[in-house]
Each structure stands twice: as structure tokens, then as C-alpha cells.
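Geometric and topological summary
Spelled out from the first residue to the last, the chains are:
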Amino acid sequence: MSKGLSLWFAFSSIVLLTVTAITISYNGWLAALLFILSMANVVWGFIIRAKKERRENRSASESTT
């Protein structure tokens, strides 16, 4: 994964989790929704990273054969 994309996922996750923490004292349902959105953002970042690594590994193995 590129450094820019990694930075984007790190920054957006921190922002979402911070907003979730602030929202806890105001509205529990909104905090729960933001928490689910935060976790989805983190998981999406891992999925994208895994797909890019798999694609790189596949292309590297094809070029050696």
C-alpha cells in the first residue's frame, strides 16, 4: 500500500475514533454507529492492503517463471 493511502486510513481512523469518543457523552446510538463506521474503515484499509500485497506477490511469481 502506498504511503499516502496508509496515511489516509490512519488519519481517517483517528478522526472517526475521536469523534466517536466525543459522541459517547451526548448520544449512545450515534456513538455506536460511529464506532461501527470506524471499525469498517479500519477493516477496509486492511482489505485493500491485503489485495495489493496479493497482487504484487502474484505478479512477482509470474515474472520469475
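Just above sits the structure.
Residues numbered from 1 in each chain as written. Predicted model: local features only at pLDDT ≥ 70, side-chain atom pairs only at ≥ 80, totals over all residues. Heavy atoms only, no water.

Below, the discussion takes up the side chain of S38. Mapped onto the secondary structure, S38 falls in helix α2 (residues 28-64). For S38, the residues in contact, after removing those within four places along its chain, are L16, L17 and T20. (Helix = DSSP H or I, 4+ residues; strand = E, 2+ residues; numbered from the N terminus. Contact = heavy atoms within 4.5 Å.)

Our focus in this paragraph is helix α1 (residues 3-23). The end-to-end C-alpha distance of α1 is 30 Å, a good match for the 30 Å that 21 residues give at a rise of 1.5 Å each. For α1, the complete set of buried residues consists of F9, S12, S13, L16, T20 and T23. For α1, the angular spread of the buried residues around the axis is 105°, confining them to a single face. What points out from α1, more than 90 degrees from its buried face, is the exposed set K3, L7, F11, I14 and I22. Packing partners of the buried residues in α1 comprise α2. (Expected span 1.5 Å × (residues − 1). Buried < 20%, exposed > 50% of the residue type's maximum accessible area, 1.4 Å probe, protein only. Arc of directions from axis to C-beta.)

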